[in-house]
Amino acid sequence: MAASRALAWRQLLKILANSQGATLSINSRSGIHTTVKRHQDPSSDQSAKAKTISNAMKAYLETAMKYEKEKETLTYEYELGRKHLANMMGIHHKDFTKEHVKIAVRYLMPSGLFDKKAHPYLLEADDVLPHKKKAQFGRDGRPFHPMFYTTRPNYYQFMHDIVQKIEKLDAKMEENKFIIKRSQPLQSVMTSEWLSYEDFKVKTRENVNQTDYDRFIQLMEKLVEHDLCDEEEEYIMSFRKPLISAVSYKHKSPEVDDEGKLYYKGEGSRKSCKAYVKVYLNGTGKFEINGNDILYFKDHTHREQIMTPLIVCELLGKVDVYAATVRGGKSSESGAIRLAMSKALAGYVSDDIKTRLTIAGLLTEDPRIRERDKPGQEGARRKYSWRKR
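Rules behind the numbers
- Residues numbered from 1 in each chain as written.
- Predicted model: local features only at pLDDT ≥ 70, side-chain atom pairs only at ≥ 80, totals over all residues.
- Heavy atoms only, no water.
- Helix = DSSP H or I, 4+ residues; strand = E, 2+ residues; numbered from the N terminus.
- Buried < 20%, exposed > 50% of the residue type's maximum accessible area, 1.4 Å probe, protein only.
- Areas by Shrake-Rupley, 256 points an atom, 1.4 Å probe, with all protein chains shown as cover.
- Salt bridge = Lys/Arg side-chain N within 4 Å of Asp/Glu carboxyl O.
- Polar contact = N/O pair within 3.5 Å; in protein donor to acceptor, adjacent residues only side chain to side chain.
- Contact = heavy atoms within 4.5 Å.
- Axes fitted to C-alpha atoms, helices over the stretch in contact; angles between N-to-C directions.
- Parallel < 35°, antiparallel > 145°, perpendicular 65-115°, else oblique.
- Nonpolar A, V, L, I, M, F, W, Y, C, P; charged D, E, K, R; others polar.

**Q** Pulling in residues and values, what's your account of the overall build of the protein?
**A** A count of helices and strands for the protein gives 13 helices and nine strands. Burial statistics for the protein: of 389 residues in total, 30% are counted as buried. Total accessible area computed for the protein in this model is approximately 27,400 Å², and 53% of it derives from carbon and sulfur atoms.

This is the structure we're talking about:
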């Protein structure tokens, strides 16, 4: 009778425990000794974990709110200034673009300062504030990027991708041992250069130092030197920018002089010298510089300098060149004539020859000039010798 009554009590207690979400443990040796343990809801665990980890998200939200508030203030000030400038320039503010703002500021507030950073300006909020990255982790505190804890995930992801691509190309070389090795670098690489340090920082959106940038360039050079790098040409060119494009020097029709001869003309400058060149087609290799022949330049280096564009274009002895210079010495005259001649030939030769001219730097103006003397010293950089007495 007592055993059946105890069994009934056990069943009743189990039913009550299950209804209340608890676990009932009964010790059979000591009679009806019970211990009740509550079931823990998994959703409550996650909410508690989120509360303990969400400090990082809270800090991010606070900084994001400050950023958005500052951005709203700058946007309001920019729009107000843009409307005032449009009113002063007599243009409706809806038609007043960003370029109009630059022109209006330059016109209404001219500055004689040499450094452009010291000039007055009116910029949008996106141009003033640094780019703000989105949250790199979820509400539970887990980062999205697998390299989040390297502090520079985008940079190390690039490095990891480059190593993977090199290993992939090496494995392909081992499988196919009859691959013909590349004798010349890629044409796209020859006409481009690596992104600068500042541009690379913008691309990664991270605070990369100069040493990390040099390591990245060193690894990319290793990828470029690989015999199968043409398979990764698109990836390589994503980190390069073109040199001075030869596309601006499009094919143009030649001009005709009074005698019916065809010629191309170009202008160039070097230091204070200006050069004006006419290149006549179907010539005999004649040079005329300010009414004199090639012996106008007594130094052989100056003669070689003005002949370089003709050698690159393979037109030496096939065209006649007439040049006139204004101001400058022999060195600046030869440099100005070379640039003017290269510009004239760029309108005549093929695209491949234009690429050669670009790579050789013949279409690039040399901006270097003589530095002026400074007051209180002997020259531009040289100081007077110091004497104690």
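Further notes follow.
**Q** Give a description of the pattern of salt bridges that names residues and reports values.
**A** Scanning the model with the defined rule gives 19 salt bridges in all. Taking the shortest distance from any N to any O, the salt bridge between Arg 215 and Asp 212 comes out at 3.7 Å. Here Asp 212 and Arg 215 lie together in helix α9 (residues 210-224), a separation of three residues that amounts to about one turn. Residue class for Asp 212 comes out buried when judged on its relative accessible area of 3%. Between Arg 356 and Glu 314 there is a salt bridge, with its nearest N and O atoms 3.4 Å apart. With a gap of 42 residues between them, Arg 356 in helix α13 (residues 351-359) and Glu 314 in the loop between α11 (300-312) and β9 (320-326) connect regions that are remote in the sequence. Within the structure, one salt-bridge network assembled from shared partners comprises Arg 152, Asp 212 and Arg 215.

**Q** Just give me the short version of the side chain of Ser 334, but keep the residues and values in it.
**A** On the secondary structure map, Ser 334 appears in helix α12 (residues 330-346). Residue classification places Ser 334 among the buried positions, given a relative accessible area of 0%. One polar contact links the side chain of Ser 334 to the main-chain carbonyl oxygen of Ser 331, over a distance of 2.8 Å. Ignoring any residue separated from it by four or fewer positions in sequence, one finds Ser 334 in contact with Phe 297, His 302, Gln 305 and Ile 306.

**Q** Just give me the short version of the packing of α11 against α12, but keep the residues and values in it.
**A** Direction vectors running N to C along α11 and α12 enclose 5 degrees, while the axes themselves pass 8 Å from each other. In terms of orientation, α11 lies roughly parallel with respect to α12. In contact with His 302, Gln 305, Ile 306, Pro 309 and Leu 310 of α11, α12 contributes Lys 330, Ser 331, Ser 334, Gly 335, Ile 337, Arg 338, Met 341, Ser 342 and Leu 345. When the residues that make up the contact of α11 with α12 are grouped by side-chain class, the tally is six nonpolar, six polar and two charged.

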